[in-house]
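For reference, the chains in residue letters:
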Amino acid sequence: MSSRRSRSRQSGVSTEITDAQITDLVSKLQQLIPELRARRSDKVSASKVLQETCNYIKNLHREVDDLSDRLSELLANTDSNSAQAAIIRSLLM
């Protein structure tokens, strides 16, 4: 029994994830990640799916930060009372 499963029993929580459920969740996750979606027919290990998922999330965070920075620059260079500034502020909120 895995330590995760034994800890859940010790804490009184009776939810237990089966290997089939984990396999199903990893498969669903693989379908969400563009890098892995193309390789859908190939067998990809769960660790590779999790690694690519982490990379994808990191890239999304970087993109959000970059876009936020670009919007902030646009706002700084726009008349604060203009309609364009109002739109930019609403995107930053």
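Model, not experiment: these values are computed from the prediction.

Criteria and thresholds
Residues numbered from 1 in each chain as written. Predicted model: local features only at pLDDT ≥ 70, side-chain atom pairs only at ≥ 80, totals over all residues. Heavy atoms only, no water. Salt bridge = Lys/Arg side-chain N within 4 Å of Asp/Glu carboxyl O. Helix = DSSP H or I, 4+ residues; strand = E, 2+ residues; numbered from the N terminus. Axes fitted to C-alpha atoms, helices over the stretch in contact; angles between N-to-C directions. Parallel < 35°, antiparallel > 145°, perpendicular 65-115°, else oblique. Left-handed = near helix turned anticlockwise from the far one by under 90°. Contact = heavy atoms within 4.5 Å.

Asker: Is there a simple way to think about the pattern of salt bridges in this case?
Answerer: Oppositely charged side chains are able to pair whenever their charged atoms sit close together. This model, assessed by the stated rule, comprises two salt bridges. Lys28 is the partner of Asp24 in a salt bridge, and the nearest nitrogen-oxygen pair spans 3.3 Å. With a gap of four residues between them, Asp24 and Lys28 both fall in helix H2 (residues 19–32), about one helical turn apart.

Asker: I'm lost on the packing of helix H4 (residues 46–76) against helix H5 (residues 83–92) in this one. Help?
Answerer: Angle between the axes and distance between the axes are the two parameters that describe a pair of packed helices. Relative to each other, H4 and H5 sit at 150°, their axes nearing to 10 Å. Considering their axes alone, H4 and H5 lie roughly antiparallel with respect to each other. By crossing handedness, the relation of H4 to H5 is classed as left-handed. Every residue of H5 that contacts H4 at Ser68, Leu71, Ser72, Leu74 and Leu75 is listed here: Ala85, Ile88, Arg89, Leu91 and Leu92.

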